[in-house]
Amino acid sequence: MDTAGAERAIEADSGETVMSAALRTGVPGILGECGGNSSCATCHVWVRDEFRDAVGVPGDLEEDLLELGVTERREGSRLGCQIEIDHTLNGLVVDVPPTQP
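Described below are features of the structure shown in this document. (Residues numbered from 1 in each chain as written. Predicted model: local features only at pLDDT ≥ 70, side-chain atom pairs only at ≥ 80, totals over all residues. Heavy atoms only, no water.)

Taken together, the buried positions of helix α3 (residues 60-69) are occupied by E62, L65 and L66. When α3 is viewed along its axis, its buried side chains cluster within an angular range of 100° and face the same direction. Away from its buried face, by an angle of more than 90 degrees, α3 presents the exposed residues D60, E67 and L68. Elements that come into contact with the buried residues of α3 comprise β1 (44-47) and β2 (77-79). (Buried < 20%, exposed > 50% of the residue type's maximum accessible area, 1.4 Å probe, protein only. Helix = DSSP H or I, 4+ residues; strand = E, 2+ residues; numbered from the N terminus. Arc of directions from axis to C-beta. Contact = heavy atoms within 4.5 Å.)

Structure follows, in C-alpha cells:
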C-alpha cells in the first residue's frame, strides 16, 4: 500500500530490489535518495507479516539506519534497497509509511 492508501501490483525482475522496482514504477513515498547505497533510509517499507521470514532480517548497517533514520519503526521495517527480489518473494506485499526521513 502506498502513502495514499492505494494498493499497486508491480512486476519486478529477479535481482531487482524493492526500492528500484518502486522508483521505476513511480510508487509514491519511496524516495531512494542515496540510490540504494544504504545511507539514507528513504526507501523504508513495512513488510507484511506473512512475508517476514522470506525477506529475512536486516543486516547490521540496515539495522542502524532503521534505528536512527525512520520515524515509525515497526517489527516488519526494512529498507527497500536491501530486499532483493527472487522467486521466493513472488507476491511480496509491503506498505509504504506516510512519511520518509
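Turning our eyes to something else, we now look at the pattern of salt bridges. The final tally for this structure, using the stated rule, is 8 salt bridges. Across the pair R24 and E16 runs a salt bridge, and its minimum N-O distance is 3.0 Å. Under the relative-accessibility criterion, E16 is labelled buried at 13%. We note a salt bridge from R73 to E67, for which the minimum N-O separation is 3.2 Å. Looking at R73, the relative accessible area reads 32%, which means it is partly exposed. Among the charged side chains, a salt-bridge network with shared partners connects D49, R52 and E75. (Salt bridge = Lys/Arg side-chain N within 4 Å of Asp/Glu carboxyl O.)

Moving on, we get to the nonpolar core. I30, C43, V47, L79 and I83 are the most contacted members of the largest nonpolar core, which totals 21 residues. Those elements that provide at least two residues to this core are α1 (18-25), β1 and α3. Here this core gets 3 residues from one element, more than from any other, and that element is α1. Residues in contact with I30, not counting those within four places in the same chain, are M19, A22, L23, T42, C43, H44, V45, V96 and Q100. (Core = buried A, V, L, I, M, F, W, Y, C linked by side-chain atoms within 4.5 Å.)

A word on the packing of aromatic side chains. In this description, an aromatic ring pair is defined by two values, namely the gap between the centres and the angle between the planes. In this structure the tally under the stated criterion is 0 aromatic pairs. Against the face of W46 rests R74, its NZ or CZ located 3.5 Å from the ring centre. (Phe/Tyr/Trp six-rings, centres within 6.5 Å; stacked < 30°, edge-to-face > 60°. Lys NZ or Arg CZ within 6 Å of the ring centre and 35° of its normal.)

With that settled, consider the state of the cysteines. Taken as a whole and assessed by the stated rule, the structure comprises 0 disulfides. Considering cysteine sulfurs only, C34 is the nearest to C40, which forms no disulfide, with 3.5 Å between them. Here C81 stays unpaired: no disulfide links it, and the sulfur of C43, its closest cysteine neighbor, is 3.7 Å away. (Disulfide = S-S within 2.5 Å.)

Let us now look at the sheet that holds β2. If you trace the 3 strands from one edge of the open sheet to the other, you get β2-β1-β3, paired in antiparallel fashion. Looking at strand neighbours, the two that pair on one side only are β2 and β3 (94-95), the edges of this open sheet. Along the sheet, α3 contacts β1 and β2; its crossing angle with β2, the most-contacted strand, is approximately 115°. (Pairing = 2+ DSSP bridges. Axes fitted to C-alpha atoms, helices over the stretch in contact; angles between N-to-C directions.)

Non-glycine residue S38 carries a positive phi angle of around 55°. Within the element layout of this structure, S38 appears in the loop between α1 and β1. Positive phi outside glycine occurs at A41, with the angle close to 70°. You can see A41 is positioned in the loop between α1 and β1.

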